[in-house]
Amino acid sequence: MSSLTALLGDEFLLFSLVITGYFALFNTIQLVLLLVAFRKVRQRVRAIRLEDFREIQESDLAPPVSVVVPAHNEGPTIVETIRSLLALRYVRLEIVVVNDGSTDDTLALLIGEFGLRRTPRVYWQQLKCKPVRGIYWSPACPRLWVLDKENGRKADAINAGINLASAPYVTVIDGDTIIEDDAVLAMMHAILPHSRDTVAAGGTVRIANGCRLEGTRAVQVGVPSSFLARAQIVEYLRGFLFGRVGWSELQSLMIVSGAFGIFRKDVLVEIGGFRRDTVGEDIDVIVRMHRQRREAGRPCRVSFVPDPVCWTECPETLGQLRSQRERWHRGLGETLEHNRAMLGNPRYGRIGLVAMPYYMLFEYLAPLVETAGFVILPFGWALGLVDWRLFLLFLIASVIYGLVLSLLGLVLEELSFRRYRDLAQLAKLVMAAVLEGVGLRQLQVWWRLVALITWRGRAASWVNIPRKGFQRA
Amino acid sequence: MVNWDAGWEVGLLVSLLAAAALLVLSLFLLNRIHARRLERALHLEQGLEQTLLEWARRGPAPEEIAQLSRLRGDDRAVLFRVCLRILPELEAEAVERVRSGLEHSSILDREVANLRHWSWGRRADACRMLGRLGCRRAIPGLVERLEDPDPVVRQRAIAALGDLRAVGALDRIVAALDATASWTDLLAIMALSRMGPGSVPRIDALLRASTSPAMTKGLLQVTAQLGLAEDPALVRALARYDDPEVRVEAVRALGRIPADEASVDVCLAAMDDPAWPTRALAARSLGHLGDRRAIPRLERAMGDRAYWVRHHAGQALATLGQAGQDALQRRLADPNPFVRDMANQMLFTSALAGAT
């Protein structure tokens, strides 16, 4: 053993230092984003304190918005989702539901519930998509359109919905999502001051598991009993509240969540809509918007607005979570590959020089480094190859620093939106933040590593999370 | 092997763990403070709602006014939220009673003073409260805020002046139309639109004097919103302006102001505009103007190469009574499939809408 120690000593130390430095750098970037986000979130909360959005709500000058809802086998939740959309506070709103070849009763439920009638609607097919089987309109809810088409996966369904959408702004939400009644108003309130430059904006996605919803409001925000769901709440808070806000403030936002985003229709059409050969269509569409606009020398602003909220169900089993995370990682890999010309290219400004390299180094390739760290360093320490103090430093950089950031995310939430009001709820989230760093985080690294290594050879699969349906008040 | 001889890592670990513990403690502490504040605010909200509903019924009592005058900053925000919630539900007389109570309290005085507060948040809140609560003596202060260094405050001041129908500040708001921010433009247009018919002569005068396309476009939007123009000939002349965005707005306004034959002629001419948005808006305006002379041109426009022109032409025909419906029926036999499909859609939609 001592000869092995002597043989590997310096190299192992260097390796350990690099891995530790990597974690420290990653978390420091997160800290910088948090500091940037802290100021922005507080500013936004202050600005909307007495905002009733009446100027937008009552004006027919406010731009119309089409909400596109791709739905594939969303039977358990689709009616509630559409009801919540019909209750949205935005005067010039149209809802386009795309039934993407569902094999369940999604279409039948919609027809029955909203009294849909098949119509000979004519529209401009600007984006390619699978054949449309029929278009339905509801005389009882004239703002509601349902497009029935052959199955072509989510991006294809969104493209079909964009074709039918008549408004200059298109909001894309998932079929299993409930958006709060003033979410579109709040989003447009943030977009309109920069409407000439803004091509897309995203809102906060919150986890509905454990909450009781009434109409478009979470009347009782709860913390789910499942640890996995709790850990995802902490993760989402970190990701949305300071990750996305921070990147948005640095004008380098590369992703708008597929669950709730708003886009300028003309720009979507210019780039050919959502890409159908990737599972990460939400990140891909934003990167291509940046690419196309910058190549054309036109301004491109992608914003994140923290206060408009949508609620969605998250996976509660390891299998579902694994499938979701593998898909996300594959989507990121596909996007980086499709747009590799942007990586490090000054022509694309901050996106090419900052955001893309960050996503490549600290998101896409992260599983390689992190797995090496989480596997080799503990072994090295056990075998005596790594000094205990260096091992401690690694634990600090990888686990404790991350925990502090998660807690800062919870503090930011408490100082801004305060959705989790009970002390007991906060205590559960603190526990989830602590436990997430030891076990779940490492498991996710492993799943992402598997996805990183194997995605090229595998056909893209879409495993739907079985929906329990929203818990109603 | 390199000598790794340091002890500061333990110190770092302890510091970070201490920071984590401190964060948890702060989190719980903040939660309690917020919970207490929320509880208090809810209690206050209930009390204020009751008081204001009483005022709406019988007018304010002096001791209630005195009580209200003692409200602090955050409590005034609660009062404002209550006002926003209940005032739209009340009869005009009841609203006046509540407003007079607020006027007699020092609440509004403090908000007028807050228009010059060092914090942009307070200034913005003051603009919003004074505008929504109809405090006309705040107008000079709000006009001053149009020059505020903070854009949120400037925008709120514009909106508040619109709420207060401050026709006297109209020129200052119109000046904001030259701003580069489209949102400020939109707010200014909406504020001007809310000032009502009293502002029409001044809007027309400014329209006549305007040399900036952005300002002309904005003023035409106001005209369309108001649905009134002192000199429709001026609006008609602007439908031939160089800038296509101005032409679009002029044609839109012609469809909203009281109809006359000359406006129909201008809209018919605009159906040959090289810019499709102008043709589309002209088709829509012809539908609003309701003149059957437009039917042949609208029928022809259903074969336009731009989708939105076909769409608006079809919609306009559907609104032109039986003659329009007959025209759509005729188009069902058109050799162009785009025309047939659009006619079919419009007939179906109008029949369905009529049935419901």
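Being a predicted model, the structure only gives us computed values, none of them experimental.

**Some details on the overall build of chain B**
Working step 1: Looking only at helices and strands, chain B features 20 helices and 0 strands.
Working step 2: In summary, chain B has a C-alpha radius of gyration of 29 Å against a globular reference of 21 Å for 356 residues, an excess of more than 25%.
Working step 3: A principal-axis box enclosing the C-alpha atoms of chain B has dimensions of 85 × 85 × 50 Å.
Working step 4: Counting every position in chain B, which comprises 356 residues, the buried fraction comes to 54%.
Working step 5: Of all intrachain contacts in chain B linking residues separated by at least 6 positions in sequence, the fraction that spans at least 24 positions is 65%.
Working step 6: If you sum the accessible surface of chain B, you get close to 16,300 Å²; carbon and sulfur atoms cover 56% of it.
Working step 7: One finds the centroid of the 46 positive side-chain charges in chain B at a distance of 1 Å from the centroid of its 44 negative side-chain charges.

**What about helix 4 (residues 92–104) of chain B?**
Residue and element names in this part refer to chain B.
Working step 1: Along its 13 residues, helix 4 runs 18 Å from first to last C-alpha, staying within 8% of the 18 Å computed at 1.5 Å per residue.
Working step 2: Taken residue by residue, helix 4 has Ala94, Val95, Val98, Gly101 and Leu102 as its buried positions. Seen from one end, helix 4 has its buried residues packed into an arc of 125°, which puts them on one side. Among the exposed residues of helix 4, those oriented more than 90 degrees off its buried face are Ala92, Glu93 and His104.

**Description of the confidence of the model for chain B**
Working step 1: Per-residue pLDDT for chain B averages 88, and the proportion of residues at 70 or more is 96%.
Working step 2: With a pTM of 0.86, the predicted complex shows an ipTM of 0.83.

**Looking at the packing of aromatic side chains**
Working step 1: Using the criterion set out here, one finds 17 aromatic pairs over all chains in the structure.
Working step 2: Between B:Tyr307 and B:Trp308 the ring centres are 4.9 Å apart and the planes differ by 80°, which places this aromatic pair in the edge-to-face class.
Working step 3: Through a chain of ring-to-ring contacts, three or more aromatic side chains come together here, namely A:Tyr22, A:Phe23, A:Phe26, A:Trp247, A:Tyr358, A:Tyr359, A:Phe362, A:Phe374, A:Trp381, A:Phe391 and A:Phe394.
Working step 4: Sitting above the plane of the A:Phe240 ring, A:Arg244 keeps its charged end 4.4 Å from the centroid.

**Brief notes about the sheet that holds strand 12 (residues 301–312) of chain A**
Residues and elements named next belong to chain A.
Working step 1: Taken in spatial order, the 10 strands make up an open sheet running 3-4-5-2-1-6-11-8-12-7, and their pairing is mixed. For this open sheet the edge positions go to strand 3 (117–119) and strand 7 (177–179), each flanked by a neighbour on one side alone. In this sheet, neighbouring strand axes are inclined to one another by 30° on average, regardless of whether the strands run parallel or antiparallel.
Working step 2: Of the pairings in the sheet, the one linking strand 8 (residues 198–207) to strand 11 (residues 260–264) comprises 3 bridges and is antiparallel in character.

**Section: the nonpolar core**
Working step 1: Core analysis: the largest hydrophobic core is formed by 264 residues, its most contacted members being A:Phe263 and B:Leu298.
Working step 2: If sequence neighbours within four positions are ignored, A:Phe263 has contacts with A:Pro168, A:Tyr169, A:Val170, A:Val172, A:Val199, A:Ala200, A:Val256, A:Leu268, A:Phe274, A:Val285, A:Ile286 and A:Met289.
Working step 3: Residues A:Ile19, A:Ala372, A:Leu390 and A:Phe394 belong to the second largest nonpolar core, which totals 15 residues.

**Quick word on unusual backbone geometry**
Working step 1: One non-glycine residue, A:Gln251, lies in positive phi territory at about 50°.
Working step 2: Along the chain, the position of A:Gln251 falls in the loop between helix 7 (227–249) and strand 11.
Working step 3: A positive phi is found at B:Arg165, a non-glycine position, where the angle reads about 50°.
Working step 4: Inspection of the secondary structure assignment puts B:Arg165 in the loop between helix 8 (151–163) and helix 9 (170–175).
Working step 5: Exposure remark for B:Arg165: the relative accessible area of 47% places this residue in the partly exposed category.

Cut-off values and rules
- Residues numbered from 1 in each chain as written.
- Chains lettered and ligands numbered in written order.
- Predicted model: local features only at pLDDT ≥ 70, side-chain atom pairs only at ≥ 80, totals over all residues.
- Heavy atoms only, no water.
- Helix = DSSP H or I, 4+ residues; strand = E, 2+ residues; numbered from the N terminus.
- Rg over C-alpha atoms; globule rule 2.2 N^0.38 Å.
- Buried < 20%, exposed > 50% of the residue type's maximum accessible area, 1.4 Å probe, protein only.
- Contact = heavy atoms within 4.5 Å.
- Areas by Shrake-Rupley, 256 points an atom, 1.4 Å probe, with all protein chains shown as cover.
- Lys, Arg positive; Asp, Glu negative; His and termini not counted.
- Charge placed at Lys NZ, Arg CZ, Asp CG, Glu CD.
- Expected span 1.5 Å × (residues − 1).
- Arc of directions from axis to C-beta.
- pLDDT = per-residue confidence, 0-100.
- Phe/Tyr/Trp six-rings, centres within 6.5 Å; stacked < 30°, edge-to-face > 60°.
- Lys NZ or Arg CZ within 6 Å of the ring centre and 35° of its normal.
- Pairing = 2+ DSSP bridges.
- Axes fitted to C-alpha atoms, helices over the stretch in contact; angles between N-to-C directions.
- Core = buried A, V, L, I, M, F, W, Y, C linked by side-chain atoms within 4.5 Å.

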